[in-house]
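Spelled out, the chains give:
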Amino acid sequence: MTGGASGAHGAHGRPPTRREKWESYKKSPYFPAVVLLFILAAAAGLFAGSYTYAMANPTPHRIPVAVVEGPRSPYAARFVQGMEKALDASLELHRYPDGAQAEEALDEQKVFAILRSKGKGVAMEVAGASGATVAQLLGETGVKVARTLGVPLTVKDVKPLGEGDPRGLALFYISLAAVIIGFVGAIQLSVHARALNPLERILFTVAYALLGGFAIAAVVDWGLGALDLPFVQSWLILAFTMFTSGMVFTMFNTLIGRWAMIPTWGVMVLLGNPSSGGAVSWPLLPSVLGHVGRWLPPGASVNAQHTAVYYQGHQYVFPYLVLAAWALVSCTVFWVWRHRHPGGRDRVPEHAAAAA
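Residues numbered from 1 in each chain as written. Predicted model: local features only at pLDDT ≥ 70, side-chain atom pairs only at ≥ 80, totals over all residues. Heavy atoms only, no water.

Where two aromatic rings form a pair, the distance of their centres and the angle of their planes describe that pair. Evaluated as defined, the whole model comprises seven aromatic pairs. When the ring of F172 is compared with that of Y173, the centres are 5.4 Å apart and the planes differ by 55 degrees; the resulting orientation is tilted. Classification of Y173 as partly exposed rests on a relative accessible area of 48%. Site record: aromatic cluster; members linked through ring pairs are F214, W222, F231 and W235. The ring of W335 carries R338 above its face, with NZ or CZ at 4.5 Å from the centroid. (Phe/Tyr/Trp six-rings, centres within 6.5 Å; stacked < 30°, edge-to-face > 60°. Buried < 20%, exposed > 50% of the residue type's maximum accessible area, 1.4 Å probe, protein only. Lys NZ or Arg CZ within 6 Å of the ring centre and 35° of its normal.)

The following block contains the structure:
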């Protein structure tokens, strides 16, 4: 009897090896909890760092400005030279033979301001709608340069922002809301509606994107009156953004499972939102962010929304193509590798497989 007990102890009671301890720990709830501790700490630092890097000290890198080639004026030439010097040669001058062509370039967002002679002085026309931060920088710098040179200057905002959005941040915030709620909605579907099949998951993502986009547009326009939106167009841009954001998470969830939030947060929030041009215009962002942001969903959403609200008739297809490309790639990856997605009903239950 004693020998039997001793034998049992020898077979099952020996101290576990380090490998066995590690395997047991990885299967416990403590392993993902500890990993999350470090991930959340890193995410907090990166989140603060990405926004601070992009927005704390906006510096001009390349600001396209139209110069109207009218009657030669020494005052205008001196003023342009003074502006280039004050902005450290960051002005990109585009010369036009008349004011009509310069104004067309402003409407098409090819330039951020127009400089032209005005008697013995200079007129500067800025477009707050193209970027409040850029318009403010050009206006303040122009006043200082004109005072230093003794050149009379007139500054006029020919495309001002709406009264309810004097800083031009409302479009950034509604796009940010669409991005974040978009992937949070996909997370919640994975948690609370795990059994949805692939097609059902895509359709429900479309449904909450349409409803969510409508709610954002209605609150900001009808409820708060902060923006006068072209309602249907803005609603559909927001819905497109939410759907794309939700499918980006679903794609990563298919590829890497429970850690899908890491690349989603990185692409859509850490990199995408600071580089979107919504809070700080692209010419004032660090050069890499200024180029990358246009190719990411948050930047495409801000760009499309901004043009729809303030530049009707001059809408570009590029931001819609960016959103469509991300949505198409995400849906394709999810559909092709849908068997890897941690959800759906097309699987044999474990107890049934064991019984078989």
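At their nearest, the axes of helix α9 (residues 231-256) and helix α12 (residues 297-310) sit 10 Å apart, and the two run at 175 degrees to each other. One finds that α9 runs roughly antiparallel with respect to α12. Note on element contacts: α12 touches α9 through P297, S301, A304, Q305, A308 and V309, opposite Q233, S234, I237, L238, T241 and T244. Of the residues contributing to the contact of α9 with α12, the split by class is six nonpolar, six polar and no charged. (Axes fitted to C-alpha atoms, helices over the stretch in contact; angles between N-to-C directions. Helix = DSSP H or I, 4+ residues; strand = E, 2+ residues; numbered from the N terminus. Parallel < 35°, antiparallel > 145°, perpendicular 65-115°, else oblique. Contact = heavy atoms within 4.5 Å. Nonpolar A, V, L, I, M, F, W, Y, C, P; charged D, E, K, R; others polar.)

A side chain of one charge can pair with a side chain of the opposite charge when the charged atoms of the two come close. Overall, the coordinates contain five salt bridges when judged by the stated rule. The salt bridge involving E108 is made with K110; its shortest N-O contact spans 3.0 Å. Counted as one network, the salt bridges with shared partners bring together E103, R116 and E125. (Salt bridge = Lys/Arg side-chain N within 4 Å of Asp/Glu carboxyl O.)

In this section: the UniProt feature "transmembrane region" (unreviewed entry) in the protein chain. Per the UniProt record, "transmembrane region" (unreviewed entry) is annotated on residues 30-54, 170-190, 202-220, 232-252, 264-285 and 317-337. With 100% helix and 0% strand, the stretch residues 202-220 has end C-alpha atoms that lie 27 Å from each other. As a span, residues 317-337 carries 90% helix and 0% strand, and end to end its C-alpha atoms are 30 Å apart. (UniProt positions renumbered as here; feature names shortened; annotations may be inferred.)

Turning next to the side chain of N273. By the element assignment, N273 lies in the loop between α10 (261-271) and α11 (287-292). Given the relative accessible area of 2%, N273 is considered buried. Of note is the side chain of N273, whose polar atom sits 3.2 Å from the backbone oxygen of M268. (Polar contact = N/O pair within 3.5 Å; in protein donor to acceptor, adjacent residues only side chain to side chain.)

Here we come to the sheet that holds strand β3 (residues 113-118). Here we have five strands laid out as an open sheet, ordered β2-β1-β3-β4-β5, and mixed in their pairing. Each of the sheet's edge strands pairs with one partner strand only, and the pair in question is β2 (91-96) and β5 (153-157). Direction aside, neighbouring strands of the sheet carry axes that sit 25 degrees apart on average. Where β3 and strand β4 (residues 121-126) come together, six bridges link them in antiparallel fashion. Within the sheet, the bridge partner assigned to K118 lies in β4 and is G121. Packed on one face of the sheet, helix α5 (residues 99-107) meets β1 (63-68), β2 and β3 and runs near 160 degrees to β3. Strands β1, β2, β3, β4 and β5 of the sheet are contacted by helix α6 (residues 132-149), whose axis makes an angle of about 170 degrees with β4. (Pairing = 2+ DSSP bridges.)

With respect to the element layout, F183 can be found in helix α7 (residues 170-192). Taking relative accessible area as the criterion, F183 reaches 1% and is therefore assigned buried.

We now examine a nonpolar patch on the surface. There is a patch of nonpolar side chains on the surface, built from V206, L210, V232 and L236 and spanning about 310 Å² of accessible area. The set of elements that each furnish at least two residues to the nonpolar patch consists of α8 (198-223) and α9. Residue position: V232 is located in helix α9. (Patch = residues over 30% accessible without salt bridge, like charges linked within 9 Å, V, L, I, M, F, W, Y side chains within 5 Å. Areas by Shrake-Rupley, 256 points an atom, 1.4 Å probe, with all protein chains shown as cover.)

Next up on the list: the pairing of β3. Alignment of β1 against β3, held across three bridges, turns out to be parallel. Residue pairing across strands places A66 opposite I114, the latter belonging to β3. Hairpin remark: β3 followed by β4, antiparallel, with two residues in the connecting loop; positive phi at G119, about 65 degrees.

Core analysis: the biggest nonpolar cluster contains 52 residues, and L171, I174, L227, F243, M268 and Y310 have the highest contact counts within it. The element contributing the most residues to this core is α9, with nine residues. Apart from residues no more than four positions distant in its own chain, I174 is found in contact with I216, V220, L227, L238 and Q305. Counting 25 residues, the second-largest nonpolar core is a separate cluster that includes I63, L91, L115 and W282. (Core = buried A, V, L, I, M, F, W, Y, C linked by side-chain atoms within 4.5 Å.)

A word on the confidence of the model for the protein chain. For the protein chain, per-residue confidence averages 84 on the pLDDT scale, and 88% of positions sit at 70 or higher. Low pLDDT (under 50) marks residues 1-11, which in the prediction has two contacts with non-local residues, meaning those over four places away or in another chain. Counting contacts from residues 348-356, a segment whose pLDDT is below 50, to residues more than four positions away or on other chains yields one contact. (pLDDT = per-residue confidence, 0-100.)

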